[in-house]
Amino acid sequence: MDNSATQQIQTNDFSKGAVWKNILSMAVPMMIAQVIQLLYNIVDRVYIGHLPGGSTVPLTALGLTFPVITVITAFTNLFGMGGAPLCSIARGEGNIEKAEKIMGNAFAMLMVTGALLVAVLQFTMKPVLYTLGAGGDTYSLASQYLRIYLWGTFFSMAGLGMNSFINSQGFGRKGMTTILIGAVTNIVLDPVFIFIFRMGVQGAALATVISQGLSAFFVMRFLLSGKAVYRLRLRCLKPDPAVIFRITSLGLANFIMSATNALTQVACNTMLKKFGGDLYIAVMTVLGSVRDISWTTVQGLSQGAQPVLGYNYGAKEYRRVQQGIKFLAVTSALYTTVIWILTMTFPEPFLHIFNSHPELLEAGVPALHIYFFGFFMMSLQFTGQTAFTALGLSKQAIFFSLLRKAIIVMPLTFILPYVAGLEVNGVFLAEPVSNFIGGTACFLTMYFTVYRKLGYLAKEAKALNP
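As the structure is a computational prediction, the values presented were derived from the model and not from experiment.

K.L.:
Give a description of empty space enclosed by the protein that names residues and reports values.
P.N.:
Scanning the model with the defined rule gives three cavities of 30 Å³ or more in all. Of the voids in this model, the second largest cavity is the one considered here, and its volume is about 120 Å³. In this structure, the second largest cavity is lined by M30, M81, A84, P85, S88, S164, N167, S168, Q303, Q306 and P307. Elements with a minimum of two residues in the lining of the second largest cavity: α3 (56-92), α6 (153-168) and α11 (296-314). A breakdown of the residues in the lining of the second largest cavity according to their chemical character gives five nonpolar, six polar and no charged.

K.L.:
With reference to specific residues and values, describe the environment of P239.
P.N.:
By secondary structure assignment, the location of P239 is in the loop between α8 (200-223) and α9 (241-275). Separated by 31 residues in the primary sequence, P239 and T270 have C-alpha atoms spaced 40 Å apart. In contact with P239, other than residues within four places in its own chain, are N105 and I244.

K.L.:
Which residues make up α6, and what values do they have?
P.N.:
Taking 1.5 Å of rise per residue, 16 residues should cover 22 Å, and α6 covers 23 Å from first to last C-alpha, within 8% of that figure. With 13 of its 16 residues buried, α6 lies for the most part within the structure. Remark: G170 follows α6 within two positions and exhibits a positive phi of approximately 95°.

K.L.:
Quick one: what's the story with unusual backbone geometry, residue by residue and with numbers?
P.N.:
One non-glycine residue with positive phi stands out, namely R198, at about 55°. Structurally, R198 is set in the loop between α7 (172-196) and α8. The residue A420 is not glycine, and still its phi comes out positive at about 50°. Tracing the backbone through its elements, the reader meets A420 in the loop between α16 (394-415) and α17 (424-464). You can call A420 exposed: its relative accessible area is 77%.

K.L.:
Tell me about the nonpolar core, and name the residues and values.
P.N.:
Ranked by size, the top nonpolar core spans 95 residues in total, and within it I23, M103, L129, Y145, M162, L223 and I325 carry the most contacts. Within the second largest apolar cluster, 33 residues are counted, among which are L287, I339, L351 and L361.

K.L.:
Go over the state of the cysteines, please, and point to the residues and values.
P.N.:
Applying the stated criterion to the full structure yields zero disulfides. C87 provides the cysteine sulfur closest to C236, a residue in no disulfide bond, and the two sulfurs are 10 Å apart. For C236, a relative accessible area of 7% gives the class buried.

Scoring rules and cut-offs
Residues numbered from 1 in each chain as written. Predicted model: local features only at pLDDT ≥ 70, side-chain atom pairs only at ≥ 80, totals over all residues. Heavy atoms only, no water. 1 Å grid on protein atoms, 1.4 Å probe; cavity = no way out; pocket = protein on both sides within 12 Å on 5 of 7 lines; lining within 4 Å. Points joined across faces, edges and corners; volume = space filled by probe spheres on them. Helix = DSSP H or I, 4+ residues; strand = E, 2+ residues; numbered from the N terminus. Nonpolar A, V, L, I, M, F, W, Y, C, P; charged D, E, K, R; others polar. Contact = heavy atoms within 4.5 Å. Expected span 1.5 Å × (residues − 1). Buried < 20%, exposed > 50% of the residue type's maximum accessible area, 1.4 Å probe, protein only. Core = buried A, V, L, I, M, F, W, Y, C linked by side-chain atoms within 4.5 Å. Disulfide = S-S within 2.5 Å.

Written out as structure tokens, the structure is:
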């Protein structure tokens, strides 16, 4: 190992210094990166939502593409967020060769999966979009957007998926910068293509693809350079079934979370179209955007905590892992409570970001009050899920990913609209119910099976090394 790599390892040693400072040193740039990453899709929604001459149909069409984009993100998370925590643990153990092999296998799987997704979705686009609720004008606009967006799949998977490995090495600012480059490009190109060139939704898709391509370029350039602690090497791309199994086992939790989000979006669109029509699909698109913005900070905090927790776990610094989990739980709870109060008190400004149509605002305010009621309980889900993933506990991470969305939200989305005349309100109510049940179950399980066990391990380690 060269001197520069050795120096980087010492610089990013998370077993030294205050745990909360280590987490924040990673989390702050990652929070910013989360906000920036969100801009890729949010900016599209903002501009499309304010097209002249009525924008409900284009906004609905854009909303219909979300489940497909979410599936692509799910596969990105499967290998990116499945491999990155394992690399953090390997780095804590001092095994750089192992970390490079994990990263190389993750990259190979991202590229193979990306090729398969593009091929399948290009040929099945029409039946897929009609299944998601498209029809007439909405299908035409949704397919225009998606056909262009799909060609950026390789950029999206390489940029977003491999960015996790920059963060796992402790380079939070570098990870933020690679995303920032693409986001700024997207913000600049969106109005040019949408309004000046009059390309509408096609312009939004083209701007996104170009932006993702730039992000991917800078991510790959860093991981191939000598500045990285562990680098992307050709020899490490050779598939190793055992390594791929470990990556997918841990990444399956994030995959399921994203995939079930897609299925939930399909379920919501189906029931909202039945009980409220296209207007309420547009409302759900806006609410989903508000939710994405609102939980970006706590997502960044969780992702910032993962490499710190994983590194200390690999280094057998169990007490520090406990301190990190406690810090994450407290800060997440405070933040989500503040957001919950703001959305309940001032709903209109949140909705105005994406659409100012009077009819949508009238339907959107009561829907937002219902949908965000249990938002503060999301802090429990985030804390538990982060701890399971960071420590490589794939079975627990997978189960609680399934519990909240697949086992609670989806059935309730189909059942509640028929209960006590709730109709569309029943669709929006499924989310807060799942937050209370799923969040509580995830956090309590983590506390009794992980947090307390870390305390016992810390005592044993201290006894052996007084």
